[in-house]
Amino acid sequence: MRERVSVEARRTFWRILAADRYIRWFLVLPLLVVLSCFMFYPLFYSLYMSFHEYVLRAPPLFIGPENYRMVLHDREFWQAIGRTFYVLAVCIAVELSLGMGIALLLNREFKGQNTIRGLCLLPLLISPLAMSLMWNYMLHVQFGIVNQVLVWLGLGAVEWISNPKIALYSIMLISIWQWTPFSIFVLLAGLRGLPKDALEAARVDGASRWFTFRKLILSMLTPLIIIIILLRTMWLIRLFDPLYGTTRGGVGTESLDWFMYRISFVFFDVGKGSAMALFSLYVTIVLCAILYRQLIKALGAAK
Amino acid sequence: MKRVMFWVAIVIILLVFLLPIAWVYVTSLKSPADIFRPEKLAFAPTFYNYKYIATVRPSLMEFRNALIVSVLSTALVMAVSLPAAYSFARFNTGGGHLLFITISTRMFPGVVAAVPFFFLYRNLGLLDTHLGLILLYLYFNMSFATFLLYGFFREIPEELERSAMVDGYGRLAIFRKIIFPLIKPGAAITTVFCLIFAWNEFFFAFLFTRRLARTVAVGLAVFWGSIEIQWGPMAALMALAILPTLAAAWFMQRFIIRGLTFGAVKG
């Protein structure tokens, strides 16, 4: 008898769970648990530490918003932010235009199309640290192959990594080389998913190629372009590996992430580091929320 | 003429993308003297660098560590992200806000998570352990995986499920017979992405592992000593570290034909 009740109870339990109202929360439960551990713990810890002076030797000492004041008056911090946003703008603009060009080029039938498309994606999959170390070797001022070729062409050697005016652009070059395939990948997929009849109709109506591209293709690909911008913003804001493989934060290339890493893990100024991290997190979230809203809007328009 | 231009463009693009990767393999076969003469292409290939990373500074452990960490963390990510993404896509759980919060973990500056977890791990004894790194990668990859899978799930028309339900299928049967076969390619792509990200990840591995749980990416950085950079052995280790990702690329190529649309644009 008791057994039957328990079977019955278990069945009811599963039936309730299987009802749409509950199963949706049941399914996201593991995610919520991990999120709350890995997101809220660091957030609250940083919030707590950002109001304390803590440089490891003494226990945390409450100092109020002093850390924030220091951060906001730190010229190096603002320079790092400005530099990061500059890299962001240049890299995303170049990657998107190159990616669109190459995706349009690859979006046709040709011999070995699948192999060639696959090969174009390779840089994306290879360890960013490994490739930036390799680029460092190739861009070396004396024995780098790039300079060897430039000298051979009679153009003279360039101080790719050691010149403060150029080093940041070298890092952008590495980033662009590695991530343009991402734009190609997404945009090519988008191009292949475009409705053929609309493009055909435009062609029959005698629309110019440029007009078709601007009015039809570009507007239909807007959601994907925003996705690329959104994801690349998130990834580029944490620019670290290409710096580690080349200048190690020197020669006027210190990014926001590297600066915070230096404060927190080299100087072990946890309080100031936390204030900085939270501030930059705030900036990032605002930026990404704007992009996300645009994405939702564009998705609604595409439907 | 147009065809010629097209192929010239293709060749240039491929050269730019592939030469740096090929250069890793070329460099790894050079003798210590030839390393500093990159223009010399007719060099006598030698396995000196490979012997170096096999004997002088053994790197096998680093491969084992990277493998353990990326496989286990990816398994965890999929276990968490698959049901969650399904819930987001089908029931719009949390009205889009929860999905945004999930995605937003990816825009945390690495340091925001690194500092608190460094001290937490130190107290728990998780520094320089596989488990510690696996948990970090779970957090690190979860948001991207959920986002990708969300797109794939949205591509599955809801009517399919509805009509199955009308036919008297239970939830579990629907999941097994209809959704799982349709999501398999998308899940495969996501798995490979997570594996690659975990394999390549450097920032957390660099901060949270020292010796025992050190991954290949950290091993590479070690060749940059305080006195000199050992380009040769470094290139050899790179050449080997890249191999699994090249294999993954070959695997993914089949799916690219199908076209990864992120579920965003539908014709």
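Caption draft 1: Spatial organisation of the overall build of chain B. In terms of regular secondary structure, chain B is built from 11 helices and 0 strands. Starting at the N terminus and walking to the C terminus, you meet the elements of chain B as α-α-α-α-α-α-α-α-α-α-α. By its C-alpha atoms, chain B is 75 × 70 × 30 Å across when sized along the principal axes. Across the 267 residues of chain B, 46% fall into the buried class.

Caption draft 2: Spotlight on the overall build of chain A. Scanning chain A for helices and strands turns up 15 helices and 2 strands. Taking 303 residues into account, the globule formula puts the C-alpha radius of gyration at 19 Å, and chain A, at 26 Å, lies well above it. Expressed as lengths along the three principal axes of its C-alpha atoms, the size of chain A is roughly 90 × 70 × 35 Å. Each of the 303 residues in chain A was classed as buried or not, and the buried ones make up 41%. Contacts in chain A between residues far apart in sequence, at least 24 positions, make up 69% of those at least 6 positions apart.

Caption draft 3: Focus on the domain arrangement of chain A. Taken domain by domain, chain A holds domain 1 (1–37) and domain 2 (69–302). Summarising the inter-unit geometry, the C-alpha centres of domain 1 of chain A and domain 2 of chain A are found 44 Å apart.

Caption draft 4: The confidence of the model for chain B, seen in detail. Residues and elements named next belong to chain B. The share of residues in chain B with pLDDT of 70 or more is 94%, and the mean pLDDT across the chain is 84. pLDDT under 50 marks residues 261–267. Its contacts with residues more than four places away, or in other chains, come to 27 contacts. Reported confidences for the modelled complex are a pTM of 0.85 and an ipTM of 0.85.

Caption draft 5: Structural context of the domain arrangement of chain B. All names here are of chain B. By domain assignment, chain B separates into domain 1 (1–46) and domain 2 (58–258). The C-alpha centroid of domain 2 is placed 31 Å from the C-alpha centroid of domain 1. Across the contact, 7 residues belong to domain 1 and 7 residues belong to domain 2. Broken down by class, the residue content of the side of domain 1 that touches domain 2 amounts to 4 nonpolar, 2 polar and 1 charged.

Caption draft 6: Highlighting unusual backbone geometry. If you check the backbone angles, Arg248(A) has positive phi at about 50° while not being a glycine. Along the chain, Arg248(A) turns up in the loop between helix 13 (241–245) and helix 14 (256–266). The exposure class assigned to Arg248(A) is partly exposed, which follows from the 13 C-beta atoms found within 10 Å. The backbone of Asp128(B) shows a phi angle near 60°, a positive value even though the residue is not glycine. By the secondary structure assignment, Asp128(B) is in the loop between helix 5 (110–124) and helix 6 (130–155). When the 15 C-beta atoms within 10 Å are taken as the criterion, Asp128(B) is described as partly exposed.

Caption draft 7: Inspection of helix 9 (residues 167–192) of chain A at higher detail. All names here are of chain A. An ideal rise of 1.5 Å per residue puts 38 Å on 26 residues; helix 9 measures up with 38 Å between its terminal C-alpha atoms. The largest bend in helix 9 amounts to roughly 35° and is located at Gln178, with the proline Pro181 lying one to four residues further along. With respect to burial, helix 9 is a largely interior element, 21 of its 26 residues being buried.

Caption draft 8: How the structure looks around the interface of chain A and chain B. With 81 residues of chain A in contact, the opposing surface of chain B contributes 71 residues. Broken down by element, the residue count for the side of chain A that touches chain B peaks at 16 residues, all from helix 2 (residues 20–50) of chain A. Partitioning the side of chain A that touches chain B into residue classes produces 61 nonpolar, 13 polar and 7 charged.

Caption draft 9: Region of the structure containing the environment of Asn114(A). Counting through the fold element by element, Asn114(A) comes out in helix 5 (residues 113–120). Separated by 63 residues in the primary sequence, Asn114(A) and Trp177(A) have C-alpha atoms spaced 21 Å apart.

Caption draft 10: Spotlight on the environment of Tyr139(B). Within the element layout of this structure, Tyr139(B) appears in helix 6. You can call Tyr139(B) buried: it has 24 C-beta atoms within 10 Å. The sequence separation of Tyr139(B) and Tyr25(B) amounts to 114 residues, and the corresponding C-alpha distance is 33 Å. Not counting chain neighbours up to four residues away, the residues in contact with Tyr139(B) comprise Val34(A), Phe38(A) and Thr105(B).

Caption draft 11: Spotlight on the nonpolar core. Counting residues in hydrophobic clusters, the biggest one holds 159 residues, and the most contacted among them are Ala130(A), Leu220(B) and Met238(B). Considering every element that reaches this core, the biggest residue donor is helix 6 of chain B, with 17 residues. Contact partners of Met238(B), with chain neighbours within four places excluded, come to Ala130(A), Met134(A), Val24(B) and Leu220(B).

Caption draft 12: Summary view of the packing of helix 4 (residues 75–106) of chain A against helix 9 of chain A. Residues and elements named next belong to chain A. Contact geometry for helix 4 and helix 9: axes closest at 7 Å, N-to-C directions at 40°. Here helix 9 runs oblique to helix 4, going by the angle between their axes. Classified by chirality, the crossing of helix 9 by helix 4 is right-handed. Across the contact of helix 4 with helix 9, the residue classes break down as 18 nonpolar, 4 polar and 2 charged.

Caption draft 13: Geometry of helix 7 (residues 128–138) of chain A. Along helix 7 of chain A, 11 of the 11 residues are buried, which leaves the element largely enclosed by surrounding structure. Along helix 7 of chain A, the residues classified as buried are Pro128(A), Leu129(A), Ala130(A), Met131(A), Ser132(A), Leu133(A), Met134(A), Trp135(A), Asn136(A), Tyr137(A) and Met138(A).

Reading the values: the criteria
Going along each chain's sequence as written, the residues are numbered from 1 onward. Chains carry letters from A onward and ligands carry numbers from 1 onward, assigned in written order. Under the rules for a predicted model, residues below a pLDDT of 70 receive no local features and side-chain atom pairs below 80 are neither given nor counted, while totals for whole chains, interfaces and linings still include all residues. Helix and strand definitions follow DSSP, with helices as H or I runs of at least four residues and strands as E runs of at least two, each counted in order from the N terminus. For the exposure call, what matters is how many other C-beta atoms sit within 10 Å of a residue's own: 20 or more marks it buried, 12 or fewer exposed, and in between partly exposed, using C-beta atoms placed from the backbone. Every radius of gyration here is taken over C-alpha atoms, with the globule rule written as 2.2 Å times N^0.38, N being the number of residues. We call two residues in contact if the C-beta atoms placed from their backbones are at most 7 Å apart. For the purposes of this description, domain bounds are those given by an automatic or database domain assignment. The quantity known as pLDDT measures the predictor's confidence residue by residue, on a range of 0 to 100. Amino acid classes used here: Ala, Val, Leu, Ile, Met, Phe, Trp, Tyr, Cys and Pro are nonpolar; Asp, Glu, Lys and Arg are charged; the rest, including Gly, are polar. Expected helix span is given by 1.5 Å per residue-to-residue step, counting one fewer step than there are residues. Two axes enter the bend calculation: one fitted to the seven residues ending at the residue in question, the other to the seven starting there, and the bend is the angle between them. Here, a nonpolar core denotes buried Ala, Val, Leu, Ile, Met, Phe, Trp, Tyr and Cys residues that are linked to one another through C-beta atoms within 7 Å. Helix axes are fitted only over the stretch in contact, all axes being lines through C-alpha atoms; the angle between N-to-C directions runs from 0 to 180 degrees. Note that the term roughly parallel is reserved for angles under 35 degrees, roughly antiparallel for angles over 145, roughly perpendicular for angles of 65 to 115, and oblique for everything else. Rotating anticlockwise by less than a right angle from the far helix to the near helix defines a left-handed crossing, while the corresponding clockwise rotation defines a right-handed one.

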